[in-house]
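Observations on the model geometry
In case you want the letters, here they are:
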Amino acid sequence: MRKKIVAGNWKMNLLPEEALELYRKIDSDYFADACELLVFPPAVYVMELIGQHGKVPVGVQNFHPEESGAFTGEISVSQVSSCGAKYALVGHSERRMIFNESNDFLKKKINAALAHDIVPLVCCGEPMEIRDVEGHVAFVTNQLAETIGHLTVSELERCIIAYEPVWAIGTGRTASIDQAQEMHASIRQWLKNHFGEHVGAVTPILYGGSCNASNASELFACPDVDGGLIGGASLDAASFLKIARSF
Ligand code: PGA
């Protein structure tokens, strides 16, 4: 049985009292039997939310793979783990595209996260121009090869994958059921080929990109979709919780 996971990526949204209220609402209404929930608030709120000692784990949207040093504005992997965060997003398309994070740099982040007992939620996904020429499977499996291809089986067992087509993120345009299932099945096959049948079969692969309370149930019904990485719709407790109950 694979884990079912719904993760909220709050991005650069919410003021402090809004973030606390959202976390409290999600945490108090959440019943763990539906699926596992995770939230990724802006870094300035992470410690306070972890300090609520809720049931919903709080992760970071970003960190730097070095332990410490002259990286103004960055947060080190050891700071993240010392603050008690157990999950981190890695490879989100906004980090790749706006902040120029390469596959090589993402590989370092994934290694650093695993070395500090942080579960990397590894994001992959193709831009529209790649899908237009039917290059999406090759593009995404290359992203995976260059970021997680070097891991051992036991390291991969600690990762979560998220497929997020870039053209669906924040656009209101969701992948169709067929498009999502095709890519999730291809990712799972790639994992099986590289790491073995068992780990490929049990690794959670989440869908992200304009997933909301109206379309989550059909997406989550796809055999290889194990939940969602939710942006916009995670900023409202009711819609996020409705998504969590869409399995
Ligand atoms: P969206 O974002 O749900 O707002 O499309 C998803 C994400 O970027 O993780």
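Our structure is the block above this text.
In every chain, residue numbers begin from 1 and rise along the written sequence. Thresholds applied to this predicted model are a pLDDT of at least 70 for local features of residues and 80 or more for the giving and counting of side-chain atom pairs; totals over whole chains, interfaces and linings are not thresholded and use all residues. Side-chain metrics in this entry use all non-hydrogen atoms of the structure; hydrogen atoms and water are not considered.

Quick notes on the overall build of the protein
Going by this rule: Strands here mean DSSP runs of E at least two residues long; helices mean DSSP runs of H or I at least four residues long; both are numbered from the N terminus. As a reference, a globule follows 2.2 Å times the number of residues to the power 0.38, and the radius of gyration itself is taken over C-alpha atoms. Relative accessibility thresholds used throughout: buried, under 20% of the residue-type maximum; exposed, over 50%; partly exposed, between the two (1.4 Å probe, protein chains only). Throughout, a residue-residue contact means that at least one pair of heavy atoms, one from each residue, lies within 4.5 Å.
Of regular secondary structure, the protein possesses twelve helices and seven strands. For 247 residues, the compact-globule estimate of 2.2 N^0.38 gives 18 Å, and the protein sits close to it at 17 Å. Considering only C-alpha atoms, the protein reaches an extent of 45 × 45 × 35 Å along its principal axes. A burial count over the protein gives 52% of its 247 residues as buried. Across the protein, the fraction of contacts at a sequence separation of at least 24, relative to all contacts at a separation of at least 6, is 72%.

Notes on the nonpolar core
Counted only if it meets this: Among buried residues, those of type Ala, Val, Leu, Ile, Met, Phe, Trp, Tyr and Cys that are joined through side-chain atoms within 4.5 Å constitute a nonpolar core.
Formed by 64 residues in total, the largest nonpolar core has its most connected members in I26, L37, I148 and I187. By residue number, the principal contributor to this core is helix α9 (residues 177–195), which donates six residues. Among the nonpolar cores identified, the runner-up in size contains 13 residues, and F40, V119, I160 and L206 belong to it.

Some details on the pattern of salt bridges
In plain terms, the rule: Within this document, salt bridges are pairs made up of a side-chain nitrogen of Lys or Arg and a carboxyl oxygen of Asp or Glu, the two lying within 4 Å of each other.
Throughout the structure, instances matching the rule amount to 13 salt bridges. Across the pair D224 and R2 runs a salt bridge whose closest N-O atoms are separated by 3.9 Å. Here R2 lies in the segment before β1 (5–9) and D224 lies in the loop between α11 (216–220) and β7 (227–230), a separation of 222 residues in the sequence. One salt-bridge network, held together by shared partners, links R2, R188, D224 and D226.

Topic: the side chain of R2
Cut-off, in case you're wondering: Identification of polar contacts relies on pairs of N or O atoms within 3.5 Å, with a donor-acceptor requirement for protein atoms, meaning one able to donate a hydrogen and the other able to accept it, and with residues adjacent in sequence counted only if both atoms are side-chain atoms.
Only 2.8 Å separates the side chain of R2 from the backbone oxygen of A201, close enough to count as a polar contact. Of note is the side chain of R2, whose polar atom sits 2.7 Å from the side chain of D226. Apart from residues no more than four positions distant in its own chain, R2 is found in contact with R188, A201, V202, T203, P223, D224 and D226.

Some remarks on the site of the ligand
We apply this condition: Only heavy atoms are used to decide nearness, and a residue is near a molecule or strand if one of them lies within 4 Å of it. Only the protein chains shown count as cover for residues, and all accessible areas are computed by the Shrake-Rupley method using a 1.4 Å probe. Note that Gly is not counted as nonpolar here; it falls among the polar residues with everything else outside the nonpolar set of Ala, Val, Leu, Ile, Met, Phe, Trp, Tyr, Cys and Pro and the charged set of Asp, Glu, Lys and Arg.
Surrounding the ligand, one finds 13 residues, the nearest of these being K11, H92, E164, G170 and S210. The contact in question runs from an oxygen atom of the ligand to an N or O atom on the side chain of K11, over 2.7 Å. The backbone of G232 places a nitrogen or oxygen atom 2.9 Å from an oxygen atom of the ligand. When the ligand sits alone it has 280 Å² of accessible area, and the protein chains cover 94% of it. Counted by class, the shell around the ligand contains four nonpolar, seven polar and two charged residues.

A closer look at a negative patch on the surface
Convention followed: For patch detection, residues must exceed 30% relative accessible area and be free of salt bridges, and they are connected within 9 Å for like charges or within 5 Å for nonpolar side chains (Val, Leu, Ile, Met, Phe, Trp, Tyr). We count Lys and Arg on the positive side and Asp and Glu on the negative side, and we leave His and both chain ends out. One atom stands in for each charge, and that atom is NZ of Lys, CZ of Arg, CG of Asp or CD of Glu.
A contiguous patch of negative charge, built from E129, D132, E134, D178 and E182, is present on the exposed surface. Following the sequence through the fold, E182 ends up in helix α9.

Some remarks on the sheet that holds β1
Basically, it comes down to this: Two strands qualify as a pair provided DSSP detects at least 2 bridges between them. Helix axes are fitted only over the stretch in contact, all axes being lines through C-alpha atoms; the angle between N-to-C directions runs from 0 to 180 degrees.
Reading across the sheet, the seven strands line up as β2-β1-β7-β6-β5-β4-β3 and stay open at both edges, with parallel pairing between neighbours. One side of each edge strand has no neighbouring strand; the edge strands of this open sheet are β2 (36–40) and β3 (87–90). Strand-to-strand twist of the sheet, defined as the mean angle between neighbouring strand axes without regard to direction, takes the value 25°. Where β3 and strand β4 (residues 119–124) come together, four bridges link them in parallel fashion. The partner of V90 across the bridge, within β4, is V122. Across the sheet, helix α7 (residues 136–148) is in contact with β4 and β5 (160–163); its angle to β4 comes to roughly 150°. Of the strands in this sheet, β4, β5 and β6 (205–208) are in contact with α9, which crosses β6 at around 150°.

Topic: unusual backbone geometry
The backbone of D117 shows a phi angle near 60°, a positive value even though the residue is not glycine. Structurally, D117 can be placed in the loop between α5 (103–115) and β4.

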